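So the chains spell out like this:
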Amino acid sequence: QVQLVESGGGLVQPGGSLRLSCAASGIIFRIKEMGWYCRVPGNERVLVAAFTSNGRTNYADFVKGRFTISRDNAKNTVYLQMNSLNAEDTAVYYCYADVGGFSARFWGQGTQVTVSS
């Protein structure tokens with residue numbers, strides 16, 4: 001099993017920045033892919049950014065140039081730096097991990113990001 005705990009969400013003004021963190025614990029050495037989704041109420045989760053199983057990064061078009069995914073292997077933590085935020089970025093952001101030997105994806109509890117003046 002893998003446990004994922006997000007932090008860093010909150011209220012920010014348009015044009016501002018936030019950094020989300022996702023701390024992983026458990027059988028982390030079997031994590032193949034890890035990243036972030038977001039969900040607006042009434043909609044499905046949408047991929048935001050991820051470290052893929054081949055070691056590359058993948059970004060949704062609507063965040064390219066504004067968001068950056070990074071990781072600290074020593075802390076077992078993945079980050080999402082979000083810059084130039086706008087109201088359309090308002091959503092619950094979820095960390096996820098795909099783990100070898102498990103068919104189901106692991107999810108964190110989600111952290112709310114609200115962009116408003």
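Starting from 1, residues in each chain are numbered consecutively following that chain's sequence as written. pLDDT decides what is reported in this predicted model: residues at 70 or higher carry local features, side-chain atom pairs at 80 or more are listed and counted, and totals for whole chains, interfaces and linings draw on all residues regardless. Note that water and hydrogens are dropped before the side-chain values are worked out from all heavy atoms of the structure.

> Tell me what's going on with the overall build of the protein chain, and back it up with residues and numbers.
Of regular secondary structure, the protein chain possesses zero helices and eleven strands. Strands are runs of DSSP state E lasting at least 2 residues, helices are runs of H or I lasting at least 4, and numbering of each runs from the N terminus. In sequence order, the protein chain lays out its α and β elements as β-β-β-β-β-β-β-β-β-β-β. To get the radius of gyration, use the C-alpha atoms; to get the globule rule, take the number of residues to the power 0.38 and multiply by 2.2 Å. Relative to its length of 117 residues, the protein chain is compact, with a C-alpha radius of gyration of 14 Å against a globular reference of 13 Å. A simple rule labels every residue: compare its accessible area, found with a 1.4 Å probe on the protein chains alone, to the largest value its type can have, and call it buried under 20%, exposed over 50%, or partly exposed in between. When burial is assessed residue by residue, the protein chain has 43% of its 117 residues classed as buried. Within the protein chain, contacts between residues separated by at least 24 positions form 53% of all contacts whose residues are at least 6 apart in sequence. A total accessible area of about 6,300 Å² is found for the protein chain, and carbon and sulfur atoms account for 47% of it. Pairs of residues are marked as contacts when any of their non-hydrogen atoms sit within 4.5 Å. To be clear on the numbers: accessible area is Shrake-Rupley with a 1.4 Å probe, and residue cover counts the displayed protein chains and nothing else.

> Give a description of unusual backbone geometry that names residues and reports values.
Notably, Asn 76 is not glycine yet its phi reads approximately 55°, a positive angle. The phi angle at Ser 84 is positive, at roughly 50°, despite the residue not being glycine. Inspection of the secondary structure assignment puts Ser 84 in the loop between strand E8 (77-82) and strand E9 (91-99).

> Go over the packing of aromatic side chains with me, naming the residues and quoting the values.
Centres within 6.5 Å make a pair out of two Phe, Tyr or Trp rings, where for Trp the six-membered ring is used; the pair is then stacked when the planes are under 30 degrees apart, edge-to-face when over 60, and tilted otherwise. Overall, the coordinates contain five aromatic pairs when judged by the stated rule. Both rings, one in Tyr 94 and one in Trp 107, keep their centres 6.4 Å apart while their planes meet at 90°; by these two values the pair is edge-to-face. Taken together, the residues span a long stretch of sequence, with Tyr 94 in strand E9 and Trp 107 in strand E10 (residues 106-107) at a distance of 13 residues. Residue Trp 107 is classed as partly exposed on the basis of its relative accessible area, which comes to 29%.

> Just give me the short version of the pairing of strand E3 (residues 18-26), but keep the residues and values in it.
Pairing between strands requires that DSSP locate at least two bridges from one strand to the other. Judged from the six bridges that link them, strand E1 (residues 2-7) and E3 form a sheet pairing that is antiparallel. Counterpart to Glu 6 in the pairing with E3 is Cys 22. Relative to E8, E3 is paired through six bridges, and the arrangement is antiparallel. Among the inter-strand pairings, Cys 22 is bridged to a residue of E8, identified as Val 78.

> An account of the state of the cysteines is needed here, citing residue identities and associated values.
By definition, disulfides here are pairs of cysteine sulfur atoms that lie within 2.5 Å. What the rule picks out here adds up to one disulfide. No disulfide involves Cys 38; its nearest neighbouring cysteine sulfur is the one of Cys 95, lying 13 Å away.

> Describe the environment of Glu 88, naming the residues involved and giving the relevant values.
Its place among the elements puts Glu 88 in the loop between E8 and E9. Spatially, the C-alpha atom of Glu 88 lies 34 Å from that of Gly 100, the residues being twelve residues apart in sequence.

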